[in-house]
Amino acid sequence: MFENKSKDEATKEILESVKEYYAKYMKKPEYKDGDRISYASRVFDEKEMVNLVDSSLEFWLTSGRYTDQFEKQMGEYLGTPFVSLVNSGSSANLIAFMTLTSPVLGDRQIKRGDEVITVACGFPTTVTPILNYGAVPVFVDVKVPQYNIDVSQLESALSPKTKAVMIAHTLGNPFDLKAVTEFCKKHNLWLVEDNCDALGSEYTLDGKTYKTGTIGDIGTSSFYPPHHMTMGEGGAVYTRNPKLHKISRSFRDWGRDCICPSGVDNLCKHRFDRQFGTLPLGYDHKYTYSHFGYNLKATDMQAAIGCAQLEKFPSFVERRKYNWKRIYDGLKSVQDKLILPEPVENSSPSWFGFCITCKDGVNRNELVKKIEAQNIQTRALFAGNLTRHPCFDQIRGTDAYRVIGDLSETDRIMNNTFWIGVYPGMTDAMLDRMISVIKASV
């Protein structure tokens, strides 16, 4: 097949074949009435497959040129200088939190026993790093119909041990960043934005519009298949702070002190002439560890997919907004029975889903069963109330965490809320069917 061909010629032929393969075997069939409507799905074409195969032919496997390209392009999209690609959104949250535990941060270092304000209505991996480290999550309630933190409870949650706020933008809807950032500045607290469900959302603060995830000290993203863009598994950590960036890279890359990428040595020109800790003078800096870190890098094949997804990403965001509004307009007539979501003031959400809360007299479980029976996928709002889950059984009633108030709205969401998808692959016919089924079922 490749006789008398150069490597570049052979590669080009393979990649052309990939395009043909996609066109023949991978194009998604058109939606037909009654087909299953998933809450989320991958949206891709031959470009992602070509990039993936191109990377695999190079066989570098770990982080490489596609990773460098992705981090650069992601930073340009977000408007932030430092991006680190990792292997999942959960790993991104782990690194974001662990970065704040670094002794390099001095008095602002989060230590075991220190407190971090968060919410119980969300995904567990926003909270897991806090608990696993031995810090104390302090749970405050949320508000319907924005499904984000009730900022009126922030001062009540504050204690002398509070060091940070770590919360997510729910289903793409930004939390009240004005109130939260003012609170954090007032009390000298770190702010971690879990942006895993909100990539592309925007918030206007003091007259300037920012991408969510870039307003706080650290932001995180997930590239799991249902999210705003995908590379299969994958995530990112981003910041404007060079010190936090260096620390986060250390935690991602085994905890090492050296900043040289894989396959590169002695960028600092001091690999063998410095003193670290109680190591002998001149100990190899490439194997000197300043943190108890991990290996949480993504592969270059994942990054290759991500590069193709980033090119399409602005159109993904616009379609999500369009889909959300079409559902909202279609369900206005049943607002006497259902609470429809509302964007947070000063925001332009890149919606991850369309959240619905049942009013008194409407049983959420029965409604969801009817919708699912019509081949439409639904989802609960993640944990509902995380503190009620079995993972809390062994620490329930201990000082491992604190709760402010009674989390009544969180419990309301646990009992009465569900959501449906708005992913960019949805057609008008799919959206209209969801609207029709919900109206007929309520």
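Located above this text is the structure these notes cover.
Note that this is a predicted model, so its numbers are computed, not measured. (Residues numbered from 1 in each chain as written. Predicted model: local features only at pLDDT ≥ 70, side-chain atom pairs only at ≥ 80, totals over all residues. Heavy atoms only, no water.)

It is worth spelling out the packing of helix α2 (residues 46-58) against helix α9 (residues 300-331) at this point. Between α2 and α9, whose axes approach to 8 Å, the crossing angle comes to 155°. One finds that α2 runs roughly antiparallel with respect to α9. Where α2 crosses over α9, the two elements pack in a sense that is right-handed. Touching K47, E48, N51, L52, S55, S56 and E58 of α2 are D300, M301, A304, I305, C307, A308, Q309, E311 and K312, all from α9. Class assignment of the residues belonging to the contact of α2 with α9 gives a composition of 6 nonpolar, 4 polar and 6 charged. (Axes fitted to C-alpha atoms, helices over the stretch in contact; angles between N-to-C directions. Helix = DSSP H or I, 4+ residues; strand = E, 2+ residues; numbered from the N terminus. Parallel < 35°, antiparallel > 145°, perpendicular 65-115°, else oblique. Left-handed = near helix turned anticlockwise from the far one by under 90°. Contact = heavy atoms within 4.5 Å. Nonpolar A, V, L, I, M, F, W, Y, C, P; charged D, E, K, R; others polar.)

Quick look at α2 now. Quick reminder: α-helices carry 3.6 residues per turn. Residues three or four places apart thus point the same way. For α2, with 13 residues, the first-to-last C-alpha span of 18 Å sits near the 18 Å given by 1.5 Å per residue. Of all the positions in α2, only E48, M49, V50, N51, D54 and S55 are classed as buried. Structurally, α2 contributes buried residues whose contacts are with α1 (7-26), α3 (65-78) and α9. Trailing α2 by a residue or two, F59 shows a phi angle of about 60°, which is positive. (Expected span 1.5 Å × (residues − 1). Buried < 20%, exposed > 50% of the residue type's maximum accessible area, 1.4 Å probe, protein only.)

Right, let's talk about the sheet that holds strand β16 (residues 417-421) for a bit. Within a sheet, each strand pairs with its neighbour through backbone hydrogen bonds, oriented either parallel or antiparallel. The strand order β12-β14-β16 describes an open sheet built from 3 strands, whose pairing is antiparallel. Each of the sheet's edge strands pairs with one partner strand only, and the pair in question is β12 (338-339) and β16. Pairing of β12 with strand β14 (residues 353-358) involves 2 bridges; the strand directions are antiparallel. By the bridge assignment for β14, I339 is matched with T357. Helix α10 (residues 364-373) rests against β12, β14 and β16 of the sheet, and its axis sits at about 20° to β16. Sheet contacts for helix α11 (residues 408-416): β12, β14 and β16; angle to β16, the most-contacted strand, approximately 60°. (Pairing = 2+ DSSP bridges.)

Taken in spatial order, the 8 strands line up as β1-β11-β10-β7-β6-β2-β3-β15 in an open sheet, and their pairing is mixed. Looking at which strands have only one partner, the edges of the open sheet turn out to be β1 (82-86) and β15 (402-403). Across 5 bridges, strand β2 (residues 115-119) lies against strand β3 (residues 136-140) in parallel orientation. When the sheet's bridge partners are listed, I117 is paired in β3 with V138.

Among the 5 residues in strand β10 (residues 218-222), 5 count as buried, and that is most of the element. The alternating pattern of β10 places I218, T220 and S222 on one face and G219 and S221 on the opposite face, and all of these are buried. As paired strands, strand β7 (residues 190-194) and β10 are joined by 3 bridges and run parallel to one another. For V192, the partnering residue across the bridge sits in β10 and is I218.

For helix α12 (residues 428-441), with 14 residues, the first-to-last C-alpha span of 20 Å sits near the 20 Å given by 1.5 Å per residue. If you check which residues of α12 are buried, you get M430, L431, R433, M434, I435, V437, I438 and S441.

Axis separation between α10 and α12 bottoms out at 10 Å; the angle between their running directions is 140°. Accordingly, the angle class assigned to the pair α10 and α12 is oblique. Judged by the twist between their axes, the crossing of α10 over α12 is right-handed. Contacts between α10 and α12 involve L367, K370 and I371 on the former and, on the latter, V437, I438 and S441. Here the contact of α10 with α12 is composed, by residue class, of 4 nonpolar, 1 polar and 1 charged.

Enumeration over the complete set of coordinates arrives at 0 disulfides. C260 forms no disulfide, and the closest cysteine sulfur to it belongs to C258, at a distance of 3.5 Å. (Disulfide = S-S within 2.5 Å.)

Right, let's talk about the environment of T209 for a bit. As for its placement among the helices and strands, T209 is situated in strand β9 (residues 208-211). Overall, the relative accessible area of 44% leaves T209 in the partly exposed class. When the C-alpha atoms of T209 and S347 are compared, they prove to be 8.8 Å apart, with 138 residues separating the residues in sequence. Residues within four places of T209 in sequence aside, it is in contact with E202, Y203 and T204. Side-chain polar atoms of T209 contact the side chain of T204, separated by 2.8 Å. (Polar contact = N/O pair within 3.5 Å; in protein donor to acceptor, adjacent residues only side chain to side chain.)

On the secondary structure map, G353 appears in strand β14. Separated by 314 residues in the primary sequence, G353 and Y39 have C-alpha atoms spaced 7.9 Å apart. Those residues in contact with G353 that sit more than four places away from it in its chain are L171, W324, W419, I420 and V422.

Before going further, it helps to examine unusual backbone geometry. For the bond from V144 to P145, the omega torsion is 15°, close enough to zero to count as cis. One non-glycine residue, L61, lies in the positive phi region at around 75°. Notably, L407 is not glycine yet its phi reads approximately 50°, a positive angle.

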